[in-house]
Amino acid sequence: MPANKKLLFLPGDGIGPEIMTEVRRVIDWMDQRRSVTFDITEGLIGGAAIDETGVPLPEETLEAAHGSDAVLMGAVGGPKWEVLPFEVQPERGLLGIRKELGLFANLRPAIVFDALADASTLKLDVVKGLDIMIIRELTGGIYFGEPRGIEDLGDGNRKGFNTLTYTTPEIHRIGRVAMDLAAKRNKRVCSIDKANVLETTVMWREEMIKVGEEYPDIELSHMYVDNAAMQLVRNPKQFDVIVTTNMFGDILSDCAAMLTGSLGMLPSASLGAPDESGRQAALYEPVHGSAPDIAGQGIANPLAQILSFSMLLRYSFDMFEDADLVDQAVQNVLDQGLRTGDIMGEGKTQVSTEVMGDAITKELDKLAA
Ligand code: NAD
């Protein structure tokens, strides 16, 4: 039997603990039915950590994260903590852990399950079968560049400024993540920039071309960000893997997310650089927040959390067969017409968080029989 996989679970706030419970059931199923076992530690982050320890990212959580093979997070935040100063709000815990683990690559798949294709605001034939991956650089670019600030000009006016910087290594490492991923998909990478206006992205494009030369089997193309925004809603299926800067990725990944029409279905991964032993820090979480408006009611959609776990299997452990099994179980359950409230449609059966989790494990049973 392979060695135990060490996971850190950070349920966080709001619906986080409820949807994590359903992942636990998938893991219990795997422990019993597949040749793998998971060693799970649970930690505090966000508002839950503030309530217990006074800070959104306790030292013990960080230590546990460094000692784990992968981290699975729920969500953080909620009205209870909004009155706190900005630096100690729950969301600082999330930004803190991303920074401390050096998570520079954010992976957001936009997949449209056939059964949910009519939930998109776009025409069925534009989104049906959509399966694209957006890779956003997460620790550089204009969100972190110096100098930054707001200056008083002394004449009653002010000047606000931020700096867009990228270095060669920053571009090469995110470029390689994109190429490696494309190699396992349809072998196409589109790098998004604004090389007709911004010097930093002229360099981004030049460096991406150099990375592309290391991967002769991958087709590399380039697109300006304004065109990319248009193409994402005009014909999103033309893309396979998209790689882009922090700010462009922030905007384009939300745009792509909405092609799928359902926040409760969207997983994500954030990856660091592999160390000498090949170990790579990684954090998986749903794209949605803590949904305080429905927390505690047992009606949250657990599928984005379960699909985040499937990404964990795929990208941290190369457990492709198991990840495919989880994805297939999700698809089958949707095909059967089961829906939580957020993805409810006409003629479908509305179920609770727990019943949805139950249906997934039953489906896993059938698939593995
Ligand atoms: P949200 O994603 O929590 O909720 C937006 C809407 O979608 C709500 O109506 C909610 O009920 C619904 N929703 C979200 N996930 C759902 C699910 N799994 N099942 C069913 N319905 C779901 O965004 P928000 O309301 O803007 O933010 C709430 C809190 O979450 C805030 O404190 C915010 O800062 C935080 N937040 C955290 C993260 C994170 O932890 N990564 C991300 C975004 C927002």
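Relevant structure appears above.
Residues numbered from 1 in each chain as written. Predicted model: local features only at pLDDT ≥ 70, side-chain atom pairs only at ≥ 80, totals over all residues. Heavy atoms only, no water.

Enquirer: I'm lost on unusual backbone geometry in this one. Help?
Expert: Negative phi is the rule for most residues except glycine; trans is the rule for most peptide bonds. Cis geometry marks the peptide bond from E146 to P147; its omega dihedral reads 0°. Counting through the fold element by element, P147 comes out in the loop between β5 (131-137) and β6 (149-152). Residues other than glycine seldom take positive phi values, yet A291 does so here, at roughly 40°. Here A291 shows up in the loop between β12 (280-286) and α10 (303-317). We note that D318 has phi near 50°; this positive angle belongs to a residue other than glycine. With respect to the helices and strands, the residue D318 is situated in the loop between α10 and α11 (320-335). Given a relative accessible area of 48%, D318 falls into the partly exposed group. (Helix = DSSP H or I, 4+ residues; strand = E, 2+ residues; numbered from the N terminus. Buried < 20%, exposed > 50% of the residue type's maximum accessible area, 1.4 Å probe, protein only.)

Enquirer: When you look at the side chain of K5 in this model, what are you seeing that I'm missing?
Expert: Tracing the backbone through its elements, the reader meets K5 in strand β1 (residues 5-12). The side chain of K5 sits in the buried core without any salt bridge; D69 is the nearest counter-charge, 6.7 Å away. For K5, the residues in contact, after removing those within four places along its chain, are V36, T37, F38, D39, D69, F317 and M319. (Lys, Arg positive; Asp, Glu negative; His and termini not counted. Salt bridge = Lys/Arg side-chain N within 4 Å of Asp/Glu carboxyl O. Contact = heavy atoms within 4.5 Å.)

Enquirer: Just checking my understanding: could you explain the nonpolar core for this structure?
Expert: Soluble, globular proteins show a tendency: their nonpolar side chains are buried together. Ranked by size, the top nonpolar core spans 64 residues in total, and within it F38, L107, I135, Y284 and F309 carry the most contacts. Examining the composition of this core, we find that 9 residues originate from one element, α10, more than from any other. Summarising the domain contributions, this core has at least three residues from each of domain 1 (1-104 + 272-369) and domain 2 (112-262). Leaving out residues up to four positions away in the same chain, F309 has contacts with L7, V23, V26, I27, M30, F38 and L72. Of all hydrophobic cores here, the second largest spans 20 residues; its members include A110, I134, L252 and L259. (Core = buried A, V, L, I, M, F, W, Y, C linked by side-chain atoms within 4.5 Å. Domains from an automatic or database assignment.)

Enquirer: Before we go on, may I ask you to explain a nonpolar patch on the surface in this structure?
Expert: A cluster of nonpolar residues, Y143, F144, M247 and I251, forms a patch on the protein surface that exposes about 360 Å² of accessible area. With respect to the helices and strands, the residue F144 is situated in the loop between β5 and β6. (Patch = residues over 30% accessible without salt bridge, like charges linked within 9 Å, V, L, I, M, F, W, Y side chains within 5 Å. Areas by Shrake-Rupley, 256 points an atom, 1.4 Å probe, with all protein chains shown as cover.)

Enquirer: Sorry if this is basic, but what is going on with the pattern of salt bridges here?
Expert: In a structure, side chains of opposite charge can pair up when their charged atoms sit close to one another. Following the criterion strictly, the structure yields 21 salt bridges and no others. Among the ionic pairs, D226 bridges to K194, the shortest N-O distance being 3.1 Å. Here D226, found in helix α8 (residues 225-234), pairs with K194, found in the loop between β8 (188-193) and α7 (199-213); they are 32 residues apart in sequence, far enough to count as distant. When its relative accessible area of 18% is taken as the criterion, K194 is described as buried. A salt bridge links R314 to D327; its shortest N-O distance comes to 2.8 Å. With a gap of 13 residues between them, R314 in helix α10 and D327 in helix α11 connect regions that are remote in the sequence.

Enquirer: Help me out: how do you make sense of the sheet that holds β8 in this one?
Expert: Paired through their backbone hydrogen bonds, the strands of a sheet run either parallel or antiparallel. The sheet built from 10 strands is open, its strands ordered β2-β1-β3-β12-β11-β4-β5-β10-β8-β9 with mixed pairing. Strands at the two margins of the open sheet, each flanked by one partner only, are β2 (38-42) and β9 (219-224). Along the sheet, successive strands turn relative to each other by an average axial angle of 25°, direction set aside. Where α8 meets the sheet, it contacts β5, β8, β9 and β10 (241-244), and its direction lies at approximately 105° from that of β9. Sitting on the sheet, helix α9 (residues 246-260) is in contact with β4 (105-111), β5, β8 and β10, with an inclination near 155° to β5. (Pairing = 2+ DSSP bridges. Axes fitted to C-alpha atoms, helices over the stretch in contact; angles between N-to-C directions.)

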